[in-house]
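# Structure at a glance
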Amino acid sequence: MNSYFIHFPGYFMILLVAYLNNAVVDAIAVGDDVCMTGYIMDIFCIELGVLLDNRQITTLEGPENHSFHCLLDVPVCYNSGFMVLGEKDSKTSLHCLGPRLEESDVVIDVGRAAGSSAKSTTHTTCRTCSGDASKPVSGYRATVKGTVKDLGDGSSGVLGQPMLNNIKVLDFEVGCGEEDGIVVKNIGGECKILRSGTMSPSSATPSLVSSVAPSESTTQQVTPSDQPIVSTSPTYPPTSSSSSSSTPSTFKVLPESHYPSSSSSESITPSVSTQSSVFLTSDEPSFV
């Protein structure tokens, strides 16, 4: 066989995975204008490990159940800042962490207009939202455009993620274009930022391999242009003690009287291990 050609199903995939795990070229750089679609999550709930008002749900497993009330009514949550979550990994059932968003006021203003103020039978009503009953009560998704201000501090936690400023928060359905779209997804056990080439949320998956259907007789020529550009961000694997479902049949919403106050002197330690595992310990703080 010609040395310039390789067997697609086997060697090419091995080469691709090796490249993704060892890439040294970042997908984004400071000053880049980027766009990403995903769930908006407050940093407090991310670091807590579970949703503040529904503690049977792991934050990165069930962001669709995160109420607008928790996100936008509760000071300790909206004062902590916001992030866009990446794609959900089919093996861990957890979403990757995406970029941090510098202008929290923009997220709050647009989010409150996007959320429903109607009484809900499943979630606490968002008191500061202005949307009608047709608007969602949980699972805030949006398209966010912004400029990369910094690439994070190099750690494996929240502060290790890129920071976007000069942000615009748009409807999720708007999607991102080929020139600025990025996605964050788990590849080989590690969350990575990739240029997406996304035209709409429904196609928000980067092209990592050839669109040619693999077969035993298929060959593929590999050139440097076939390689995707990636950078890494941490993944938060589930703990062995977690047995909750992200979509329970019955919601157990925590009463607001048990929320921590943003002005409280109580120290709340996020349950994040050095291996980037998010979990709630048996010494879970009691918010009274």
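Details of the structure are given in the entry above.
Residues numbered from 1 in each chain as written. Predicted model: local features only at pLDDT ≥ 70, side-chain atom pairs only at ≥ 80, totals over all residues. Heavy atoms only, no water.

### Some thoughts on the pattern of salt bridges
The condition that has to hold: A pair is scored as a salt bridge if a Lys or Arg side-chain nitrogen falls within 4 Å of a carboxyl oxygen belonging to Asp or Glu. What counts as a helix is a DSSP run of H or I of at least four residues, what counts as a strand is a run of E of at least two, and both are numbered from the N terminus. The rule is simple: take the accessible area with a 1.4 Å probe, protein chains only, and divide by the maximum for that residue type; under 20% is buried, over 50% is exposed, in between is partly exposed.
One pass over the full model with this rule turns up 5 salt bridges. In this structure, the salt-bridge partner of R195 is D32, at a minimum N-O distance of 3.2 Å. With R195 in strand β10 (residues 190-195) and D32 in the loop between α1 (8-22) and β2 (33-42), the pair connects residues that are 163 residues apart, well separated along the chain. Judged by its relative accessible area of 30%, R195 falls in the partly exposed class. Using a relative accessible area of 23% as the deciding quantity, one classes D32 as partly exposed. Between K192 and E190 there is a salt bridge; the shortest N-O distance is 3.4 Å. For K192, a relative accessible area of 0% corresponds to the buried category. By relative accessible area, E190 is classed as partly exposed at 31%.

### Some remarks on unusual backbone geometry
Despite not being glycine, S93 shows a phi value in the positive range, around 65°. Mapped onto the elements of the fold, S93 is located in the loop between β5 (82-88) and β6 (95-101). In this structure S93 comes out as partly exposed when scored by relative accessible area, which is 28%. A positive phi angle, close to 50°, is found at N166, a residue other than glycine. Relative to the elements of secondary structure, N166 occurs in strand β8 (residues 163-171). On the basis of relative accessibility, which here comes to 56%, the residue N166 falls in the exposed class.

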